[in-house]
Amino acid sequence: MKQDYGFFKTTMPDSRKADFYLGCLDGCVFIDFNYTAEKCINLCRISFDGYGCCYLDVKAKCINEQLSKDFVEIISKEKLDQEKITKIVLELIRLNKDNIWIDALEEYNLIEKR
């Protein structure tokens, strides 16, 4: 059975700037995304209860243009398509896993355990 992450749109204080914000797992994980000049989405920051905030900054890798368009379309709607947004977010995490705390990703089942 696939995990239900329960993604939801949220906001953050001005000190945590990004273009898009999602929370999941009942607020235990918050993920911030930016829309690049190349019109692609990247994961710029992710925070986990019990771990803190992991900044990706210049190391962040983007998803391709089509997935980025899909992301923007999904997040612009009132109700998120959980299946589609989960696929995209997990792909962004997979692309950036080398720059995110692996133990946090495994604890929250955001990546397959080693």
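Let me sum up the structure you'll find in this document.

**Concerning the pairing of strand S2 (residues 20-24)**
Link 1 in the chain: Burial analysis of S2 places 5 of its 5 residues in the buried class, the great majority of the element.
Link 2 in the chain: Neither face of S2 is left uncovered, since the one carrying Phe20, Leu22 and Cys24 and the one carrying Tyr21 and Gly23 both have all their residues buried.
Link 3 in the chain: Two strands pair when backbone bridges link them, and strand S1 (residues 8-9) and S2 are joined in this way by 2 bridges, in the antiparallel orientation. Opposite phenylalanine 8, over in S2, you have glycine 23 as the bridge partner.
Link 4 in the chain: Alignment of S2 against strand S3 (residues 29-35), held across 5 bridges, turns out to be antiparallel. Counted as the bridge partner of leucine 22 is isoleucine 31 from S3.

**As for unusual backbone geometry**
Across residues other than glycine, the phi torsion is negative in most instances, and most of the peptide bonds are trans.
Link 1 in the chain: Phi is positive for aspartate 26, which is not a glycine, with a value near 55°.
Link 2 in the chain: Note that aspartate 26 resides in the loop between S2 and S3.
Link 3 in the chain: Residue class for aspartate 26 comes out exposed when judged on its relative accessible area of 79%.
Link 4 in the chain: Unusually for a residue other than glycine, lysine 39 sits at a positive phi of about 65°.
Link 5 in the chain: Within the fold, lysine 39 resides in the loop between S3 and strand S4 (41-48).

**Section: the pattern of salt bridges**
It is possible for side chains of opposite charge to pair when their charged atoms get near one another.
Link 1 in the chain: Tallied over the entire structure, the rule returns 6 salt bridges.
Link 2 in the chain: For arginine 16, the salt bridge identified is with aspartate 32, shortest N-O distance 2.5 Å. Linking arginine 16 in the loop between S1 and S2 with aspartate 32 in strand S3, this pair joins segments that are 16 residues apart in sequence.
Link 3 in the chain: A relative accessible area of 0% places aspartate 32 in the buried class.
Link 4 in the chain: Residues arginine 45 and aspartate 32 are paired through a salt bridge, measuring 2.5 Å at the closest nitrogen-oxygen approach. Pair noted here: arginine 45 is in strand S4 and aspartate 32 is in strand S3, with a separation of 13 residues, a long-range link. The burial state of arginine 45 is the same as that of aspartate 32; both residues are buried.
Link 5 in the chain: A single network of salt bridges, built from pairs that share partners, joins Arg16, Asp32 and Arg45.

**Some remarks on the sheet that holds S4**
Link 1 in the chain: Within the open sheet, the 5 strands sit side by side as S1-S2-S3-S4-S5. Their pairing is antiparallel. The sheet is open, and its two borders are formed by S1 and strand S5 (52-55), each paired with just one other strand.
Link 2 in the chain: Where S4 and S5 come together, 4 bridges link them in antiparallel fashion. Each residue of the ladder has a partner; that of serine 47, found in S5, is cysteine 53.

**Looking at helix H1 (residues 65-75)**
Link 1 in the chain: Regarding H1, the residues found buried are Leu67, Ser68, Phe71, Ile74 and Ile75. Viewed end-on, H1 has its buried residues packed into an arc of 125°, placing them on one side of the element.
Link 2 in the chain: Along its buried surface, H1 packs onto S1, S2, S3, S4 and helix H2 (82-96).
Link 3 in the chain: By the N-cap criterion, in which a side-chain oxygen at the helix start approaches the backbone nitrogen of a residue two or three places on, H1 is capped by asparagine 64, the distance to glutamine 66 being 3.1 Å.

Definitions and cut-offs
Starting afresh in each chain, residues are numbered from 1 along the sequence in its written order. Selection of residues for local features in this predicted model requires a pLDDT of at least 70, selection of side-chain atom pairs for listing and counting requires 80 or more, and totals for whole chains, interfaces and linings are taken over all residues. The side-chain figures draw on all heavy atoms in the structure; neither hydrogens nor water molecules are used. Three exposure classes are used, based on accessible area relative to the maximum for each residue type with a 1.4 Å probe and protein chains only: buried under 20%, partly exposed in between, and exposed over 50%. Under the scheme used here, helices are H or I runs from DSSP no shorter than 4 residues and strands are E runs no shorter than 2 residues, and both carry numbers assigned from the N terminus. At least two DSSP bridges between two strands are needed for those strands to be called paired. Definition used for salt bridges: Asp or Glu carboxyl oxygen within 4 Å of a side-chain nitrogen of Lys or Arg. Think of the arc as the fan of directions from the helix axis to the C-beta atoms. Pairs of residues are marked as contacts when any of their non-hydrogen atoms sit within 4.5 Å. The term polar contact refers here to a pair of N or O atoms within 3.5 Å; inside protein, the definition further demands a hydrogen-donor-capable atom paired with an acceptor-capable atom, and it admits residues adjacent in sequence only when both atoms are side-chain atoms.

Function cannot be read off these values alone, since they describe shape.
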